[in-house]
Amino acid sequence: MTSEETQIPEELKGCYENLIVIDIGANLTNKKYGRDLDSVIQRAKDAGVQKIMVTGTSVRNSKEALRLTRLYPGTIYSTAGVHPHDAKSMSEEELWAELRQVAAAPECVALGECGLNYTKDFSEPHVQRAVFKRQVELACELQKPLLVHEKAAQEDVLRILEEGGARLPPVVVHSFTGSAEQGLRYLERGCYLALTGYVCKDKAADGVRRLLADRLLPLDRLLVETDSPFMYPNVRASKLPPHVKACLTERSMNFVNRYCTFQRNEPCALPAVVELAAGFLGRSAQDVALATAFNALKLFGLSH
């Protein structure tokens, strides 16, 4: 991508007052950002994304996420965790000591993403459970929130979380894509749900869209993220209801259409995710932006 391509066109600036939003999950250590991370972060700021939490999914990239917090202080925060796909890598105590050291840093604001994924077999389920338990214990010890990844494993995730008892810190179900019933079970246990551009392609009659449309997900439990470079919000999706499409502003769509693709999503797409959620909720985008930003600031202790 050339320098000319990374410049924000003047017509995208000052079109209207920016939504102020916080991206609680972006994989900016991904090699897809290796050449233009400065531009990616500047675009996010221009779009109104005030703060970005860079997700740790292994010891190695948890360290890299922490390094980014020192390159972009006040904008980038990090998390530290081992994704269930990488659970089998945690075979040495030295790695656990390194993970704890990274997680204890003040710029690291959460443990995760960690959890269980029974749809893929990169790590055996019993190994996933053991590694997840140790990360829950670490979150309890450090009293930092948990970012939980769960696919086809809700019962085991809830059981392991319950073992944390009264010491369990706040729990966020990262990039939630489950059914409304599954979402309600998490909400009943005090969890937060983080939504992404997945709302564009959710076709289930009882999925994420129903959680929003039926007002089953209260604003004080809602967070938003891009999960970049994944979860591209396809704002042109034919199945988006007209009243939801009407909530998408020209400015947010321009950021998505100019700078994001199915191969590489960016944090600058977050205002579009907020507008999509607002459309399904029947609320103003400003209300959703304010609520989700407040939730993130409070939950993760981000500096104002």
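K.L.:
Where do I start with the packing of aromatic side chains in this structure?
P.N.:
Aromatic ring pairs are described here by two measures, namely the spacing of the ring centres and the angle between the planes. Tallied over the full model, the rule gives 3 aromatic pairs. Aromatic pair Phe-176 and Tyr-186: ring centres 6.4 Å apart, planes at 90 degrees, arrangement edge-to-face. Here Phe-176 is found in the loop between strand E6 (171–173) and helix H7 (180–188), whereas its partner Tyr-186 is found in helix H7, with 10 residues between them in sequence. Exposure remark for Phe-176: the relative accessible area of 3% places this residue in the buried category. By relative accessible area, Tyr-186 is classed as buried at 0%. Both rings, one in Phe-255 and one in Tyr-259, keep their centres 6.1 Å apart while their planes meet at 40 degrees; by these two values the pair is tilted. Here the residue Phe-255 and the residue Tyr-259 both occupy positions in helix H10 (residues 250–259), the gap between them amounting to 4 residues, near one helical turn. Under the relative-accessibility criterion, Phe-255 is labelled buried at 1%. Classification of Tyr-259 by relative accessible area gives buried; the value is 7%.

K.L.:
Sorry if this is basic, but what is going on with the sheet that holds strand E5 (residues 146–151) here?
P.N.:
Strand pairs in the sheet, formed through backbone hydrogen bonds, run parallel or antiparallel to each other. Spatially, 8 strands are ordered E1-E2-E3-E4-E5-E6-E7-E8 in an open sheet, and the strand pairing comes out parallel. Every other strand in the sheet has two partners, leaving strand E1 (21–26) and strand E8 (222–224) as the edge strands with one partner each. The average undirected angle you get between the axes of adjacent strands in this sheet is 30 degrees. In this structure, E6 lies alongside strand E7 (residues 192–195), joined through 2 bridges in parallel fashion.

K.L.:
Would you mind showing me how to read the nonpolar core here?
P.N.:
Considering soluble globular proteins, one finds that nonpolar side chains tend to be buried as a cluster. In terms of nonpolar packing, the biggest core is built from 89 residues, with Leu-28, Phe-132, Leu-146 and Leu-212 touching the most fellow members. Here the element with the most residues in this core is helix H11 (residues 270–281); it accounts for 9 residues. Counting residues in hydrophobic clusters, the runner-up holds 17 residues, among them Ile-22, Tyr-77, Ala-110 and Tyr-192.

K.L.:
Looking at this model, I keep getting lost on the environment of Leu-281. Mind explaining?
P.N.:
Note that Leu-281 resides in helix H11. Those residues within four positions of Leu-281 in sequence are excluded, and the remaining contacts are Leu-212, Arg-215, Leu-217, Leu-219, Leu-222 and Val-288.

K.L.:
Just checking my understanding: could you explain the confidence of the model for the protein chain for this structure?
P.N.:
When pLDDT is low, close inspection of the predicted coordinates is not appropriate. Here the protein chain shows a mean pLDDT of 93. Residues at 70 or above account for 94%. Low confidence marks residues 1–6, where pLDDT is under 50. Its contacts with residues over four positions away, or in another chain, come to 7 contacts. This model gives residues 8–16 a pLDDT under 50, and the stretch forms 19 contacts once residues within four places in sequence are excluded.

K.L.:
What is the right way to read the packing of helix H3 (residues 59–71) against helix H4 (residues 93–103) from this model?
P.N.:
Helix-helix packing is characterised by the crossing angle of the two axes and by the distance between the axes. Running from amino to carboxyl end, H3 crosses H4 at an angle of 20 degrees, the nearest separation of the two axes being 10 Å. Here H4 runs roughly parallel to H3, going by the angle between their axes. At the point where H3 passes H4, the crossing takes the left-handed sense. Two secondary-structure elements touch here, H3 through Val-59, Ser-62, Lys-63 and Leu-66 and H4 through Leu-95, Glu-98, Leu-99 and Val-102. Across the contact of H3 with H4, the residue classes break down as 5 nonpolar, 1 polar and 2 charged.

K.L.:
Explain helix H5 (residues 125–142) to me, please; I cannot follow it from the model alone.
P.N.:
Helical geometry note: an α-helix holds 3.6 residues per turn, so side chains three or four residues apart project in the same direction. The end-to-end C-alpha distance of H5, which contains 18 residues, comes to 26 Å, matching closely the 26 Å that a straight helix rising 1.5 Å per residue would cover. Restricting attention to buried positions, one finds in H5 the residues Gln-128, Val-131, Phe-132, Gln-135, Val-136, Leu-138, Ala-139 and Cys-140. In this fold, the buried residues of H5 make contact with H4, strand E4 (108–117), E5 and helix H6 (154–162). Backbone geometry just after H5 places Gln-143 at a positive phi near 55 degrees.

Each value, and the rule that gives it
Residues numbered from 1 in each chain as written. Predicted model: local features only at pLDDT ≥ 70, side-chain atom pairs only at ≥ 80, totals over all residues. Heavy atoms only, no water. Phe/Tyr/Trp six-rings, centres within 6.5 Å; stacked < 30°, edge-to-face > 60°. Helix = DSSP H or I, 4+ residues; strand = E, 2+ residues; numbered from the N terminus. Buried < 20%, exposed > 50% of the residue type's maximum accessible area, 1.4 Å probe, protein only. Pairing = 2+ DSSP bridges. Axes fitted to C-alpha atoms, helices over the stretch in contact; angles between N-to-C directions. Core = buried A, V, L, I, M, F, W, Y, C linked by side-chain atoms within 4.5 Å. Contact = heavy atoms within 4.5 Å. pLDDT = per-residue confidence, 0-100. Parallel < 35°, antiparallel > 145°, perpendicular 65-115°, else oblique. Left-handed = near helix turned anticlockwise from the far one by under 90°. Nonpolar A, V, L, I, M, F, W, Y, C, P; charged D, E, K, R; others polar. Expected span 1.5 Å × (residues − 1).

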